[in-house]
Amino acid sequence: MWFRLLSWVLWAALVQADENSPQCLVHADGDVIIGMLTSAHSTVDNLQDRVRPEEFTCSNFDLLPFVRMLAAIYTIDSINDSGFLPGVRLGYTVCDPCADATKALHCVEHLLSANGSLPVMDDYSEFRPKVKAILGARYSLLTIPVAKLLSVYLFPQISTTSSAVVLSNLLQFSSFFRVIPSDVHQTEAMAQLISHFGWNWVGLVSMDDDYGRGVHQSFLKSAEKAGVCMAYEEVIPHYLDHEQSEQRIKEVARRIRNSPEAQVVMVTLRPEIVKMLFEEMIRTNTSRVWIASDAWSRSGVVTTMQDINKVGDILGLNFVTGNIDGFTDYLQKLTVRPGVKNDLIKEYKQLYSDCSPDSLDDCSKPSADHLVKNVDLPVVYSERMAVWSIAHALRELLGCNDTFCPGETDFPPYKLIEKLHNVNFTLDGERRFFDKNGDFEDGYDVLMLVPDGQIRQVKVIGRFTLPQGKVDITEKNIMWTSTLNNTEPESQCSPSCPNGTFKKGSNISCCYSCISCVEGTFSDSYDQDECHACPNDTWSMRGWSKCEPRTEKYLRWSEPLPIATLVGVGLGLLLLITAFICFTIHRHTLIIKSANYPMSCFMMVGLAVSFGSVVLFMGEPSIHLCRAQQIMYALGFTLCVSCILVKAFRTFLAFMAFDPIRRDRLRSLYKPLIVMALATFVQGLICLFWLIFDTPHVDPTPPSPQSMDHILQCSEGSKVCFVVMHGYVALLALICFLLAFKGRRVPQDFNETGVIIFSMLIHLFVWLCFIPIYITKNESRPIVQASAILVSNYGIIFCLFIPKCYRAIWGKHTTERMRERLLNFTQTRNHASMDADLVTEGSETDAESHRSVRFTFPILRSLESLDSGFRPASTSLSSTSSQSTLRSADDPSLSLSRADSVFVIVPEGPGMAVQQRQRSQSM
């Protein structure tokens, strides 16, 4: 018994010795001790000059880690007071690693040591240090080496701020836990945050430690997935008093200034290094949009630095925060319980009061609200979660009920690990548990550091939720300060490609050219990687952002051109009807008879059919309309031209063919109806072959890619037949022209040579012009052909019908003029005959009389026999007769007089007579 008492006294002395160690700044005894690594000081002095393994000297008291420690102590005290672990009291020991990994390992040695040292053993299954779990460290830089060391002992470690990706690897860090998500989620959240604002060209500045390298690589992967590219990647030494730190920070600042396109900079540094970088940016009057990692996004070191509002906008992420009930009152009172050692509270009060170390009891204390005002209290909520996680694991391990915890409190620490993996509890209304990697997955708050006077205040503007992995921003809460008029900053290697274009990439995915979508494709949003093909029955033009149905284009009845064409057709038909009425009423007059009334009627029918074909060019085409268009025009206009051919041939026989033998041969060919029918029949055969072998149809040619119009029009089918059809009409017109041209000197009262010439010239000219237009203007073919048909029809109407109608109605002296002109023509021919055929032998008078009969008689006989209105009543003529008579029942007033041996036409009863009179007889 005395031996046991002596052993307990010795152990208590050793523990007290450990508590009084300069490494132990804060201590409260208990049944289960929780160790804490709290970097209350941010700098180890002269670390680069350390040549002996002597004591570390720390400086730069940091309020945030100090308040984090106080939050953990407050939570431990609350658990003790609540009786959550009946009969078990939690204690704590705090060491300050001063934000240095080497110092952190020294602290761990102290926390795990007994009698000032750590045992070296092959098997640590029964290793039972007084400290059963460790909270910390603050930075992943410190946590990683500590976690590696603690993995040797399978000693539980819970971090509230270390988010390095590598710490999720259970093979390397088998005893590590944390109440925050891994940086693999933070970097994903940062990449999505950057992508949310359309930024794809950013700079990356990180530290050269394990944490910095892990964040660096993780962010590069997340950025690649989000379509974000790095304009530059810079690394800064992680400890502040490195001899090259200041120079390196200036180099990084210069690189940032020299990359104006990259207006966004992702920074994963310690707050103190961020402050140094910002001081350099302020000195050079450079502002950017800064993306802060959780390491400094809520740091007072940054938010309260001088001229912080000149650096530009600051966005960032931090872990989900909360409020600890009663903690504010605790900080305002800030007292140390009896039996508790807390040198950090003493140092805090000394630093923030006007007293000297020798007179602490007499100096003024810091204001009660100093910590509340200068520390962002919600960020320390993670300390509460970590302590409660340990408490729930202990309750399970010790087998606690509402009144007693029967388990052994001096247990090997590794036994707590299994219980930590299985904890699942509710804290402040939220479920809390560790995933398979030992991480909490609460997500992140999206923050913006907004100007508030001369400092920045933290404002929550969104949330990144897990496991959905989605950033949700309330943009109405954003106030941009780095741009004019509160406009959203831009940070792109290349300007965004608008709708209707796509990105043509280069070696860097974020640097590209904007290429317009080709016809038949579209892009309906910004920065498309490719254009999408238009769905069925739609199309798009170059550079369009949507597809639309093509417009079917044809000669619609309501459009101006078809309306004008139909007006032309209607007026033409009206003129034909008027001409038909006029010709019918005056069909017995000499002027209408000379125009050959039956042939004129056939011509009108042909023109009416031709006009009808023009109507078929209007409206939506079909195969039947396409056939009817060409066939109606071909047959109708051929009928008309064949009638004109009959007229021209008639005039040629009547006035120009004076050789009796040739005249008789040609006369045998003059069969008006047969000629008309035969000429039209040939055209009908051409059309029949056309319909059989390659009929006109609706043009199946697909729409032009450069047009939104789907032109519906007729295709001529066989181009050979189309050319032959028009060539045949042109041939008939050319024959008419040549026959009429032969008789161009005949008085126009007795023939139509002039108007036939002119009308056929119009037709030939129009269709000659039609050929190149028809070939080159594919979309205008229907209206071009319809217009050519109209002009040809009107040429015939105004040349052959309108003048006849006018003279029949208003020509009062038509008969007298016709008689006079026929007389002049006959006299001219008689003189020409006498000059050419005068002979020296025989009677001069007989020769003249013979030649006069030779030239004059065929004219008169032809006029009657060729249906011109002169029909022979009786004819007697011989070489011995002194008189020959040719009667006309239609116009007995017509007479020709010529002196001596000239045949003249004189009235005789109901008709006319041709008489031979002497030269001496007056005309």
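Please read all numbers here as calculations on a predicted model, not as lab measurements.

Asker: I'd like a description of the pairing of strand E19 (residues 470-473), backed by residues and values.
Answerer: Every second residue of E19 is oriented toward a common face, the buried set being Val-471 and Ile-473 and the non-buried set Lys-470 and Asp-472. For strand E18 (residues 455-465) and E19, the ladder comprises four bridges, and the chain directions are antiparallel. Across the sheet, residue Arg-463 finds its bridge partner in E19, namely Asp-472. Hairpin remark: E18 followed by E19, antiparallel, with four residues in the connecting loop; positive phi at Gly-469, about 65°.

Asker: Provide a residue-level description of the confidence of the model for the protein, including the pertinent values.
Answerer: The pLDDT averaged across the protein works out to 81; a share of 81% of its residues lies at or above 70. Mean pLDDT across the elements of the protein ranges from a minimum in strand E30 (residues 875-876), with 34, to a maximum in strand E5 (residues 90-95), with 96. Within the model, pLDDT remains below 50 along residues 830-923, and this stretch shows 195 contacts once partners closer than five positions in the same chain are excluded.

Asker: Outline the packing of helix H2 (residues 63-82) against helix H11 (residues 343-351), supporting the account with residue identities and numerical values.
Answerer: Relative to each other, H2 and H11 sit at 140°, their axes nearing to 11 Å. Between H2 and H11, the crossing angle belongs to the class labelled oblique. Crossing hand, H2 versus H11: left-handed. Of the residues in H11, those touching H2 at Leu-63, Phe-66, Met-69 and Leu-70 are Leu-344, Ile-345 and Tyr-348. For the contact of H2 with H11, the per-class residue count stands at seven nonpolar, no polar and no charged.

Asker: Which residues make up a nonpolar patch on the surface, and what values do they have?
Answerer: Together, Ile-674, Leu-678, Phe-681, Val-682, Leu-685, Leu-688, Phe-689, Ile-692 and Phe-693 line one region of the surface with nonpolar side chains, adding up to about 910 Å² of accessible area. Assignment of secondary structure puts Leu-678 in helix H20 (residues 672-694).

Asker: Please give an account of the side chain of Arg-68 that cites residues and values.
Answerer: With respect to the helices, strands and loops of the structure, Arg-68 is situated in helix H2. When neighbours within four sequence positions are excluded, Arg-68 is seen to be in contact with Thr-160, Thr-161, Val-379, Val-380, Ser-382 and Glu-383.

Asker: Any chance you could break down the sheet that holds strand E6 (residues 131-135) for me, citing the residues and the numbers?
Answerer: Spatially, seven strands are ordered E8-E7-E6-E2-E5-E1-E14 in an open sheet, and the strand pairing comes out mixed. Every other strand in the sheet has two partners, leaving strand E8 (176-178) and strand E14 (341-342) as the edge strands with one partner each. Pairing analysis gives two bridges linking strand E1 (residues 24-28) to E14, with the strands arranged antiparallel. Within E14, the position partnered with His-27 by the bridge is Lys-341. Strands strand E2 (32-37), E6, strand E7 (157-159) and E8 of the sheet are contacted by helix H4 (residues 140-153), whose axis makes an angle of about 160° with E7.

Asker: Report on helix H23 (residues 781-810), specifying residues and quantitative values.
Answerer: The end-to-end C-alpha distance of H23, which contains 30 residues, comes to 42 Å, matching closely the 44 Å that a straight helix rising 1.5 Å per residue would cover. Largest kink in H23: about 35°, centred on Phe-798. In terms of burial, H23 is largely enclosed, as 22 of its 30 residues are buried.

Asker: Account for the packing of helix H15 (residues 560-585) against H23, naming residues and giving values.
Answerer: H23 packs onto H15 with a crossing angle of 25° between their chain directions and a minimal axis gap of 10 Å. Between H15 and H23, the angle falls in the class roughly parallel. The crossing of H15 and H23 is left-handed. Here the residues of the contact of H15 with H23 sort into 20 nonpolar, three polar and one charged.

Asker: Pulling in residues and values, what's your account of the state of the cysteines?
Answerer: All told, the structure shown has eight disulfides when counted by the stated rule. Shown here is the disulfide that connects Cys-497 with Cys-514, its sulfur atoms set 2.0 Å apart. Between Cys-497 and Cys-514, the disulfide has an S-S torsion of -95° and is therefore left-handed. With Cys-497 in the loop between E19 and strand E20 (501-505) and Cys-514 in strand E21 (residues 512-516), the pair connects residues that are 17 residues apart, well separated along the chain. Look at Cys-514 and you get partly exposed, because its relative accessible area is 35%. What pairs with Cys-626 in a disulfide is Cys-714, and their sulfur atoms sit 1.9 Å apart. Because the torsion about its S-S bond is -80°, the bridge between Cys-626 and Cys-714 counts as left-handed.

Asker: Go over the side chain of Thr-538, please, and point to the residues and values.
Answerer: Relative to the helices and strands, Thr-538 resides in strand E24 (residues 538-539). A polar side-chain atom of Thr-538 sits 2.6 Å from the main-chain carbonyl oxygen of Pro-535.

Asker: Kindly report on the pattern of salt bridges, identifying the contributing residues and their values.
Answerer: Tallied over the entire structure, the rule returns 25 salt bridges. With a closest N to O distance of 3.8 Å, Glu-272 and Arg-270 form a salt bridge. Both residues of the pair, Glu-272 and Arg-270, count as buried. Note that Glu-716 is salt-bridged to Lys-719, the shortest N-O span being 3.5 Å. A relative accessible area of 4% places Glu-716 in the buried class. Connected through salt bridges with shared partners, the residues Glu-234, Arg-248, Glu-251 and Arg-255 form a single ionic network.

Asker: How would you explain the sheet that holds E19 if you had to name every residue and give the values?
Answerer: Taken in spatial order, the eight strands line up as E10-E9-E11-E12-E13-E17-E18-E19 in an open sheet, and their pairing is mixed. At either end of the open sheet lies a strand with only one pairing partner, and these are strand E10 (229-236) and E19. Here the average twist between neighbouring strands, direction ignored, is 25°. Two elements, strand E13 (residues 312-319) and strand E17 (residues 444-452), share five bridges in a ladder whose sense is antiparallel. When the sheet's bridge partners are listed, Leu-317 is paired in E17 with Val-446. Sheet strands in contact with helix H6 (residues 210-226) are strand E9 (201-207), E10 and strand E11 (264-268), and its direction is about 160° off that of E9. Sheet strands in contact with helix H7 (residues 245-257) are E9, E10, E11 and strand E12 (288-292), and its direction is about 165° off that of E10.

Asker: Any chance you could break down helix H22 (residues 753-776) for me, citing the residues and the numbers?
Answerer: In a regular helix each residue adds 1.5 Å, so 24 residues correspond to 34 Å; H22 covers 35 Å between its end C-alpha atoms and thus fits that length. Phe-770 marks where H22 bends most, by close to 25°; the proline Pro-772 follows one to four residues later. Within the sequence span of H22, burial applies to Thr-753, Ile-756, Ile-757, Ser-759, Met-760, His-763, Val-766, Trp-767, Phe-770 and Tyr-774.

Asker: Provide a residue-level description of the pairing of E11, including the pertinent values.
Answerer: On any regular strand, side chains alternate: one points to one face of the sheet, the next to the other face. By the criterion of burial, E11 is predominantly enclosed, with five of the five residues buried. Residues Val-264, Met-266 and Thr-268 point to one face of E11 and Val-265 and Val-267 to the other, with burial holding for every one of them. With five bridges joining them, E9 and E11 adopt parallel strand pairing. Bridge pairing links Gly-203 to Val-265 in E11. Where the polypeptide runs from E11 across helix H8 (residues 271-283) and back to E12, its parallel neighbour, the crossover connection is right-handed.

Asker: Describe the environment of Val-641, and please don't skip the residues or the numbers.
Answerer: Relative to the elements of secondary structure, Val-641 occurs in helix H18 (residues 623-656). Once the C-alpha coordinates of Val-641 and Val-729 are considered, the two residues, 88 residues apart in sequence, prove to be 7.5 Å apart. Non-local contacts of Val-641, meaning those with residues more than four positions away in its chain, are made with Val-729, Leu-732, Ala-733 and Cys-736.

Asker: Could you give an account of the packing of aromatic side chains, with specific residues and numbers?
Answerer: Summed over the entire model, instances satisfying the criterion amount to 27 aromatic pairs. Ring geometry for Tyr-124 against Phe-127: centres 5.7 Å apart, planes inclined by 80°, an arrangement best described as edge-to-face. Just as Tyr-124 is buried, Phe-127 falls in that class too. Centre to centre, the rings of Tyr-348 and Tyr-352 are 5.2 Å apart; their planes meet at 45°, and the pair counts as tilted. Clustering of aromatic rings is evident, with ring pairs tying together Phe-61, Phe-66, Tyr-348 and Tyr-352. Over the ring of Tyr-139 we find Arg-270; its NZ or CZ atom is 5.2 Å from the centre of that ring. Residue placement shows Arg-395 over the ring face of Phe-84; its charged tip is 5.0 Å from the ring centre.

Asker: How would you sum up the nonpolar core? Please name residues and give values.
Answerer: Grouped together as the largest cluster of nonpolar side chains are 73 residues, with contacts concentrated most on Ile-644, Ile-796 and Phe-801. For this core, the elements supplying multiple residues, two or more each, are H15, helix H16 (590-594), helix H17 (597-615), H18, H20, helix H21 (719-742), H22 and H23. The element contributing the most residues to this core is H18, with 15 residues. Each residue touching Ile-644, except ones within four places of it in the same chain, is listed here: Met-603, Cys-736, Ile-756, Met-760, Ile-796 and Leu-800. Judged by nonpolar contacts, the second largest core, of 65 residues, contains Phe-61, Leu-63, Ile-73 and Leu-420.

What counts, and at which threshold
- Residues numbered from 1 in each chain as written.
- Predicted model: local features only at pLDDT ≥ 70, side-chain atom pairs only at ≥ 80, totals over all residues.
- Heavy atoms only, no water.
- Buried < 20%, exposed > 50% of the residue type's maximum accessible area, 1.4 Å probe, protein only.
- Helix = DSSP H or I, 4+ residues; strand = E, 2+ residues; numbered from the N terminus.
- Pairing = 2+ DSSP bridges.
- pLDDT = per-residue confidence, 0-100.
- Contact = heavy atoms within 4.5 Å.
- Axes fitted to C-alpha atoms, helices over the stretch in contact; angles between N-to-C directions.
- Parallel < 35°, antiparallel > 145°, perpendicular 65-115°, else oblique.
- Left-handed = near helix turned anticlockwise from the far one by under 90°.
- Nonpolar A, V, L, I, M, F, W, Y, C, P; charged D, E, K, R; others polar.
- Patch = residues over 30% accessible without salt bridge, like charges linked within 9 Å, V, L, I, M, F, W, Y side chains within 5 Å.
- Areas by Shrake-Rupley, 256 points an atom, 1.4 Å probe, with all protein chains shown as cover.
- Salt bridge = Lys/Arg side-chain N within 4 Å of Asp/Glu carboxyl O.
- Expected span 1.5 Å × (residues − 1).
- Bend = angle between axes of the 7 residues up to and from the residue.
- Disulfide = S-S within 2.5 Å.
- Polar contact = N/O pair within 3.5 Å; in protein donor to acceptor, adjacent residues only side chain to side chain.
- Right-handed = clockwise from strand over helix to strand, strands pointing away.
- Phe/Tyr/Trp six-rings, centres within 6.5 Å; stacked < 30°, edge-to-face > 60°.
- Lys NZ or Arg CZ within 6 Å of the ring centre and 35° of its normal.
- Core = buried A, V, L, I, M, F, W, Y, C linked by side-chain atoms within 4.5 Å.

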